[in-house]
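Tertiary structure, described
Single-letter residue listing:
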Amino acid sequence: MTMRMRVRTTCRICGGSHLVRTLDLGAQPPSNSFLAPADIAAEQAFPLEMHLCTDCGLSQLVHIVYSEDIFDDYLYLSSTSRALCQHYQGLIDGALARFEPPAGALAVDIGCNDGIMLRRYPDGRCRLLGIEPSSAGKYAREAGFEVIDQFFESGLAERLAASHGRAALITATNVFAHVDDITSFAAGVRTLLADDGVFIIEFPYLVDMVERLYFDTIYHEHLCYLALTPLDHLFAKVGLRAFRFERTEVGASGPALRLFVCRAESGRATEDSITAMRADEQAWGITDPARYRDFAARVEQIRDRILALIAEVKAKGGRVGAYGAPAKGNTLLNYLKLGPADIEVVAENNALKVGKVTPGSHIPIVGDDSFLASGIDTALLLTWNYLDFFLANSEFIKKGGKFIVPLPDVKIVP
Ligand SMILES: [Zn+2]
């Protein structure tokens, strides 16, 4: 199947045309497009570039691969992560205690996946509704939840407000950054939110990404890299207002910002921490291209250090593989222009990926057992955010293997 792409020339939040390219990661296939070796000849790649809107401060991709064309057969089921279940339990318990929605009030989770968030509500506490256009929604439906299998936008919100009433709580975790028409999404939230309702979103925070060099979170499925300043613009446009935030170290893709949003005219006071964050982002240079040029320069340094380390291991007679085949690993492999000559194989325990090759870099993916049997002694850890877990638990390390950790600091452990 041929994938289609379109290019934006205006900012997806403010509509302005002052877009500046801040980071160029080269042409890459969509990061979840693992492929059979026979399909390599037909593989497509698209520019992966971050652009900054100097008007509202939104960092975004302007090359948009049609989401319906992205081959994604590796169904991600959130509930398989115990850490994530615990994390969302904290979110729901905290929201129910803090905002005390009336018993039986409507609570909506947008992008509900297999129902991981809906399952966190005490039985009978709220009327629950999930929205999930992907096939993961069937697992939430099988668990007894009502699930709408459509993309959330303003038209759907109007129909739902008419059929279900308005919601006291709306949650959307790691969804916002995937949406091209983010204005229609936000307008829909405004429509569906009760007068005193609360909308809770969670997303990786742009300032963290830049400061900690998490550039591998940039890939075609992630269209926006969010911060408060551009979101202020968005919310003001549709009649919403951010009034509180929390920082979390765990999230679906690492550390995240949890933002609490209400209708603009709601009686909820905007907390001082929000005002402070706005000022911090201005002082940091959220709309200043120089801030991101510095980021790009540091990303290049990281690239050179990783390549030097791999070369060093090989010069000493070592054999190098990679560990884990997450989507973000492909941004790293492709930006570094690594291939099977550099990295022999990738170890991955998702059976659907084993036997395929990584998109763009075409490195064969093998199961953990074959990896152990291969005699590879050093592995580039692509799932570096789980370093502690793999150091403690992986057979590869127990048998004397070493990890090259690419981010946030390049190093070899143990
Ligand atoms: Zn803008």
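To start, this report covers the structure provided alongside it. Note that this is a predicted model, so its numbers are computed, not measured.

**Some remarks on the coordination of the zinc ion**
At 2.3 Å from the zinc ion lie its protein donor atoms, namely C11 (SG), C14 (SG), C53 (SG) and C56 (SG). Site description for the zinc ion: donor spacing in sequence, C-x2-C-x38-C-x2-C. With C14 in the loop between strand 1 (5–7) and strand 2 (19–28) and C53 in strand 3 (residues 46–53), this pair connects stretches of sequence that are 39 residues apart.

**Some thoughts on the nonpolar core**
If you look at soluble globular proteins, the nonpolar side chains tend to sit buried side by side. Counting residues in each nonpolar core, the largest one holds 111 residues, and the members touching the most others are L259 and F403. The leading source of residues in this core is helix 8 (residues 289–315), at nine residues. Filtering out sequence-adjacent residues up to four positions away, F403 remains in contact with Y323, A379, L381, L387, F390, L391, S394, F396, I397, K411, I412 and V413.

**Some remarks on the state of the cysteines**
If you walk through the whole model with that rule in mind, you get zero disulfides. Its sulfur unpaired, C85 is 14 Å from the next cysteine sulfur, which belongs to C112.

**Structural notes on the sheet that holds strand 14 (residues 320–323)**
Pairing within the open sheet is mixed, and its six strands lie in the order 16-15-14-17-18-19. Because the sheet does not close on itself, it has two edges, and the strands there are strand 16 (365–366) and strand 19 (411–413). The sheet contact formed by strand 14 and strand 17 (residues 378–381) spans four bridges and is parallel. From the neighbouring strand, Y323 faces strand 17, where its bridge partner is L381.

**What to know about unusual backbone geometry**
Cis geometry marks the peptide bond from L407 to P408; its omega dihedral reads -5°. Structurally, P408 can be placed in the loop between strand 18 (402–405) and strand 19. With an omega of -10°, the peptide bond between V413 and P414 qualifies as cis. Looking at the element boundaries, P414 is found in the segment after strand 19. Even without glycine at this site, N113 takes up a positive phi of about 50°. Among the secondary structure elements, N113 is positioned in the loop between strand 6 (106–110) and strand 7 (127–131). Overall, N113 belongs to the buried group, its relative accessible area being 11%.

**Examining the packing of aromatic side chains**
Inspection of every chain in the model, using the stated rule, returns 16 aromatic pairs. Centre to centre, the rings of F99 and F260 are 5.8 Å apart; their planes meet at 50°, and the pair counts as tilted. Of this pair, F99 sits in helix 1 (residues 82–99) while F260 is found in strand 13 (residues 256–263), placing the two residues 161 residues apart along the sequence. Residue classification places F99 among the buried residues on the basis of a relative accessible area of 14%. A residue is classified by how much of its surface remains accessible, and F260, at 4% relative accessible area, is buried. Ring-pair connections join several aromatic residues into one group, and the members of that group are Y323, F371, F389, F390, F396 and F403.

**Quick look at the sheet that holds strand 13**
Taken in spatial order, the seven strands make up an open sheet running 8-7-6-9-10-13-12, and their pairing is mixed. Strands at the two margins of the open sheet, each flanked by one partner only, are strand 8 (146–148) and strand 12 (240–248). Ignoring which end each strand starts from, the neighbouring axes of this sheet average 20° apart. Here strand 6 runs beside strand 7; their pairing, made up of five bridges, is parallel. Its bridge partner lying in strand 7, L106 is registered against R127. Along the sheet, helix 3 (residues 154–164) contacts strand 6, strand 7 and strand 8; its crossing angle with strand 7, the most-contacted strand, is approximately 160°. Of the strands in this sheet, strand 10 (193–203), strand 12 and strand 13 are in contact with helix 6 (residues 228–238), which crosses strand 12 at around 150°.

Here is what the cut-offs are and how they apply
Residues numbered from 1 in each chain as written. Predicted model: local features only at pLDDT ≥ 70, side-chain atom pairs only at ≥ 80, totals over all residues. Heavy atoms only, no water. Donors = N, O, S within 2.8 Å, 3.2 Å for Na, K, Ca; no water. Helix = DSSP H or I, 4+ residues; strand = E, 2+ residues; numbered from the N terminus. Core = buried A, V, L, I, M, F, W, Y, C linked by side-chain atoms within 4.5 Å. Buried < 20%, exposed > 50% of the residue type's maximum accessible area, 1.4 Å probe, protein only. Contact = heavy atoms within 4.5 Å. Disulfide = S-S within 2.5 Å. Pairing = 2+ DSSP bridges. Phe/Tyr/Trp six-rings, centres within 6.5 Å; stacked < 30°, edge-to-face > 60°. Axes fitted to C-alpha atoms, helices over the stretch in contact; angles between N-to-C directions.

By themselves, these are just geometric observations and shouldn't be taken as functional.
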